[in-house]
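Listed below are the residues making up each chain.
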Amino acid sequence: MSVYTACIVLIAIGLYCIVVKRNLVKIIIGFAILEYAVNLFLAVVGYRKLGLAPIVIDKSQPVPFSVDPLPQALVLTAIVIGLGVMALMIAIAYRLYEKYGTFDVAQIRRLRG
Amino acid sequence: MMVVPLFVAIPLGLAFLIPLVSKFWRRAGDLVANLGTGAVLCLALYSIPLISGRPIVYSMGGWRPPLGIVLVLDGLSLLVLVCVSVVSFACSIYSISYMAKFTSKWKFYTLFMLMVTGLNGVVLTGDIFNMYVFFEIAAIASYALVAFGTEHEELEAAFKYMVLGSVASVAILFSIALLYAKLGTLNLADLSIRMGEAGDLRILAFTGALLLTGFSVKAALIPFHSWLPDAHPSAPAPISAMLSGVFIKVLGLYAISRIFFNVFGMKPVYSNLLIFFGVISIVVAGLLALRQSDVKRLLAYSSISQIGYIALGLGTGSPLGILGALFHILSHSTGKALLFLTSGSLVYSAGTRDLNKMGGLQERMPVTAASFTAGALSIAGVPPFHGFFSKLLIIMGLWQSGRYALAALAIVMSVLTLSYMLKVEKGAFFGKIREELKGVKESPATMLISMILLAALCLGIGICFPWVVKLLIEPARDVLLRGLEYSHTVFGT
């Protein structure tokens, strides 16, 4: 249970960062925390204490006490997607820095509403 | 059977072929991308007669559902696929000339094809995690495409869009994790069966709320809209057309209707929320649109307002309302894509987006002016254009389900639509031509061809609307009306 609570706390921290922080880099860090919190949650869903790796050796018998492998595959996919998003975010933040000379959101404001 | 995976495979394969071929021949992207979108369009039209009766279910890699990933082509998927492929074909023709001023056009085409891959994948897949993956393929491509100009505004809009869009994606991923934790499956059909067995759980209500939030951000329903009026105008015109035309519908409204009608079951709380979001989107975005002097920004607000109509129609839950909403997906996708393409043509030739700096362009750009008029009348709902029939059906659906006040409101707001469209007409095309615009020429032929194509569709679908409704919209409506029987059609029981 405590692990789930930790996930929720991490999600809250990430959302807080994205909403409150005024610095592009900190917003990106907040997004990273948010995303890893959800990935952690996915991994925890399939975890089982003292569970075995679900590798079938004897075909007639299922693995007696295995962890669920599917969430791990999902997490792997989600991490790769997250990497793509993160790389693009950092690239755009860098380009913005080149244009404006600052990471401060308050000063990067050409667009209204 | 074999056509289904091609919708994803063709654009995905071509997306990676384009950079390879462009090394040797610089203009290869034009040819390959247009052939690709054209082929997808042909496939979509070819599969219309195939799905009469029962949907096509394709198991990827031969793994039967619920273990493997399935692609499901039913009436609803097909309707949205046709919208996507028509608009993407028009946009790729348009890009030949329009994108010529940008360096590295092949990068544009690669991202464009990836976006089409993502959209087609979302529409076809029958697996919720697979849907998330396609969501992200389309979304990441669109973030990069919004920033394609790499000027101040583009970058800023892209960053804003990206943060909001990614948070929405994380919400969707989180709800997928919750669903898997509770129900132990990812297949949409299997989810709906197990959800029925599990009954009314509080965790499922929470998941539903998370999913609705995520999809509403993608659909840009007010109050989740703040990214759209920045992102859509900043993108290059063909991408604005794709984003406003099909993107918000596929990622937002298609996903909402698939998940909430076919998996969760349309409970009153969800339909009331949809109606609520729909009404405030229509009113607030409509009023905001009236105040804009930037053509593309005005059209972007108009998109939010029209998305509100679709949400309203879906929320009624009555057969006519749903029929109207689905028809409005078709009419708004072609109409709004056309309007964004014409606004791009204005930017291309007159060099400005500001309505106060234009005027009298009708005589210089007759084709652009005529096709803008077709699109504007269609979105505003003037017969015989197709927007009239879709709005009429939505209003009749509202009336049928006893929501008389909302029906009246929808009629009043469609007058408002007409008034902001007339504002553009007056600002850009009517009146005397300004001195500095005397040298303006009509846009190149390829841009005109795609605009004429879409304008012809606006008129043609309107005139042939009984046949279009029978052929495309009614099968889609039946999928939504049958609701939870979706699982039977996928498992073939």
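These lines cover the structure that appears in this document, whether it is placed above or below. Remember, it's a predicted structure, so these values are computed and weren't measured experimentally. Starting from 1, residues in each chain are numbered consecutively following that chain's sequence as written. Here chains are named by letter from A upward and ligands by number from 1 upward, in the order in which they appear as written. The predicted nature of this model means local features are confined to residues of pLDDT at least 70 and side-chain atom pairs, given and counted, to a pLDDT of 80 or more, with totals for whole chains, interfaces and linings taken over all residues.

**A look at the packing of helix α3 (residues 69–100) of chain A against helix α6 (residues 152–183) of chain B**
Line of reasoning, step 1. To define axes, lines are fitted to C-alpha atoms, for helices over the stretch in contact only, and angles between the resulting N-to-C directions are given on a 0 to 180 degree scale. By definition, any uninterrupted DSSP run of H or I lasting at least four residues is a helix, any uninterrupted run of E lasting at least two residues is a strand, and each is numbered from the N terminus. In contact at an axis separation of 10 Å, α3(A) and α6(B) are set at 165° when each is read in the N-to-C sense. Comparing their axes, α6(B) and α3(A) come out roughly antiparallel. Between α3(A) and α6(B) lies a crossing of left-handed hand. Where α3(A) approaches α6(B), its residues A:P71, A:A78, A:V85, A:L88, A:M89, A:I92, A:A93, A:R95, A:L96 and A:K99 are matched on the opposing element by B:H152, B:L155, B:E156, B:A158, B:F159, B:M162, B:S166, B:L173 and B:Y180. Put simply, angles under 35 degrees are roughly parallel, angles over 145 are roughly antiparallel, angles from 65 to 115 are roughly perpendicular, and the rest are oblique. Should the near helix be turned counterclockwise from the far one by less than a right angle, the crossing is left-handed, whereas a clockwise turn marks it as right-handed. C-beta atoms are first placed from the backbone for all residues, and any pair lying within 7 Å is then listed as a contact.

**Some remarks on the pairing of strand β2 (residues 70–73) of chain B**
Residue and element names in this part refer to chain B.
Line of reasoning, step 1. To sort residues by burial, count the other C-beta atoms lying within 10 Å of each one's C-beta; a count of 20 or more means buried, 12 or fewer means exposed, and anything in between means partly exposed. C-beta atoms are built from the backbone. A two-sided burial pattern is seen for β2, the buried positions comprising V70 and V72 on one face and L71 and L73 on the other.
Line of reasoning, step 2. Note that strand β1 (residues 56–59) and β2 share four bridges and pair antiparallel. The residue bridging I56 from the neighbouring strand is L73, located in β2. Here the rule is simple: two strands pair whenever DSSP picks up at least two bridges between them.

**Digging into the nonpolar core**
All names here are of chain B.
Line of reasoning, step 1. What makes a nonpolar core is a set of buried Ala, Val, Leu, Ile, Met, Phe, Trp, Tyr and Cys residues, with links drawn between C-beta atoms within 7 Å. L79, V146 and A158 are the most contacted members of the largest nonpolar core, which totals 233 residues.
Line of reasoning, step 2. No other element matches the 20 residues that α6 contributes to this core.
Line of reasoning, step 3. Each residue touching V146, except ones within four places of it in the same chain, is listed here: E154, A157, A158, Y161, A231, S234, A235 and I239.

**Looking at the interface of chain B and chain A**
Line of reasoning, step 1. Opposite the 28 residues of chain B that make contact, chain A presents 27 residues.
Line of reasoning, step 2. For the side of chain B that touches chain A, the secondary structure elements donating two or more residues are α5 (128–146), α6 and α9 (228–234) of chain B.
Line of reasoning, step 3. Here the side of chain B that touches chain A gets 17 residues from one element, more than from any other, and that element is α6(B).
Line of reasoning, step 4. When residues are grouped by polarity, Ala, Val, Leu, Ile, Met, Phe, Trp, Tyr, Cys and Pro land in nonpolar, Asp, Glu, Lys and Arg in charged, and all others, Gly among them, in polar. Residues belonging to the side of chain B that touches chain A are distributed by class as follows: 20 nonpolar, four polar and four charged.

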